[in-house]
Amino acid sequence: MYWHVLMRDQPQVLELAREAQARLAKFSGLHMTPPEWLHMTTLVAGPEGQFPGSSLQQMTALAAERLSTATSVTVRLGKILYHPQAIMLAVTPADSLTPLRQAALEATGMVTGVEQAADANGWTPHVTICYSTAEQPAQPIIEALGMQLPGCEIEIKTLSLVIQRGAERSWDWTPVSAIEVPARAADP
């Protein structure tokens with residue numbers, strides 16, 4: 001069970017990912033994230049079996065209650081992050097996403113009875129462009145993609161609870177709920 005910000009309705013993010021994946025297509029050891037499943041993981045809530053009966057609805061209601069006083073946030077994507085297991089787009093500023101993460105942490109903790117501490121230094125918001133499936137030299141990949149794509153700003157206004165069955169790259173995902181975060185007030 002995962003709390004995600006799904007990017008399928010963010011055309012700018014889909015375009016950035018498409019551009020990055022096109023540059024990386026010649027490398028065989030990479031598994032590209034399908035456009036419909038581009039996402040920013042906010043919290044790994046736990047195994048599906050840990051959430052029986054109406055607990056998913058309860059968790060969604062609790063998170064929605066906590067987000068009812070929050071507002072949507074604008075974030076920037078474009079900087080490339082490299083990790084031995086994945087290539088990602090950084091989502092900044094990370095602290096603007098604290099209300100989303102805190103709502104997911106609190107709602108999950110209340111339903112599971114296991115309090116999860118928010119480690120401010122342990123969460124790097126990102127959107128995974130592709131996963132590494134083979135050991136290979138990093139330098140040719142970095143040369144092909146670079147450290148920065150033309151950036152974009154998007155408004156984060158939905159937090160989704162998603163069931164992920166099997167390995168992440170099997171993409172056997174089922175969205176359970178989507179919580180709309182109230183829009184920011186328009187500038188006068």
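Worth saying up front: this structure is predicted, and the values here are computed from it rather than measured.

Reading the values: the criteria
Residues numbered from 1 in each chain as written. Predicted model: local features only at pLDDT ≥ 70, side-chain atom pairs only at ≥ 80, totals over all residues. Heavy atoms only, no water. Helix = DSSP H or I, 4+ residues; strand = E, 2+ residues; numbered from the N terminus. Contact = heavy atoms within 4.5 Å. Core = buried A, V, L, I, M, F, W, Y, C linked by side-chain atoms within 4.5 Å. Buried < 20%, exposed > 50% of the residue type's maximum accessible area, 1.4 Å probe, protein only. Phe/Tyr/Trp six-rings, centres within 6.5 Å; stacked < 30°, edge-to-face > 60°. Lys NZ or Arg CZ within 6 Å of the ring centre and 35° of its normal. Pairing = 2+ DSSP bridges. Axes fitted to C-alpha atoms, helices over the stretch in contact; angles between N-to-C directions.

**Here's the deal with the side chain of Ser160**
Item 1. Among the secondary structure elements, Ser160 is positioned in strand S8 (residues 158–165).
Item 2. Excluding residues within four positions of it along the chain, Ser160 makes contact with Tyr2, Trp3, His4, Leu6, Ser177 and Ala178.

**What to know about the nonpolar core**
Item 1. Residues Trp3 and Leu77 are the most contacted members of the largest nonpolar core, which totals 52 residues.
Item 2. The dominant element in this core, judged by the number of residues it contributes, is helix H3 (residues 98–112), at 6 residues.
Item 3. The contact partners of Leu77, leaving out residues within four places of it in the chain, are Val13, Leu16, Leu89, Ala90, Val91, Val127, Gly151, Cys152 and Ile154.

**As for the packing of aromatic side chains**
Item 1. Tallying each qualifying case throughout the model produces 3 aromatic pairs.
Item 2. Ring geometry for Trp37 versus Trp173: centroids 5.0 Å apart, planes at 55 degrees, classification tilted. Of the two residues, Trp37 sits in the loop between strand S2 (30–32) and strand S3 (39–44) while Trp173 sits in strand S9 (residues 172–180), which places them 136 residues apart along the sequence. The two residues Trp37 and Trp173 agree in class, both being buried.
Item 3. A centroid spacing of 5.0 Å and a plane angle of 50 degrees characterise the contact between Trp171 and Trp173, whose relative ring orientation is tilted.
Item 4. For Trp171, a relative accessible area of 13% gives the class buried.
Item 5. Of the residues examined, Trp173 reaches a relative accessible area of 6% and is grouped as buried.
Item 6. Taken together through their ring pairs, the aromatic side chains of Trp37, Tyr131, Trp171 and Trp173 make up a single cluster.
Item 7. The ring of Trp37 has Arg8 sitting right over it, with the charged end atom 4.5 Å from the ring centre.

**Quick word on the sheet that holds strand S5 (residues 86–92)**
Item 1. A sheet is described by the order of its strands in space; here 5 strands give the open sequence S2-S6-S5-S4-S7, paired in antiparallel fashion. At either end of the open sheet lies a strand with only one pairing partner, and these are S2 and strand S7 (148–156). Shown here is a sheet whose adjacent strand axes are inclined to one another by a mean of 30 degrees, direction ignored.
Item 2. Here S2 pairs with strand S6 (residues 126–132) via 3 bridges, running antiparallel. Looking at the pairing, His31 lines up with Tyr131 of S6.
Item 3. The strands that helix H1 (residues 11–24) touches are S2, strand S4 (73–83), S5, S6 and S7; relative to S7, the one it contacts most, it runs at about 155 degrees.
Item 4. The sheet strands contacting helix H4 (residues 138–145) are S4, S5 and S7, and the helix crosses S4 at an angle near 145 degrees.

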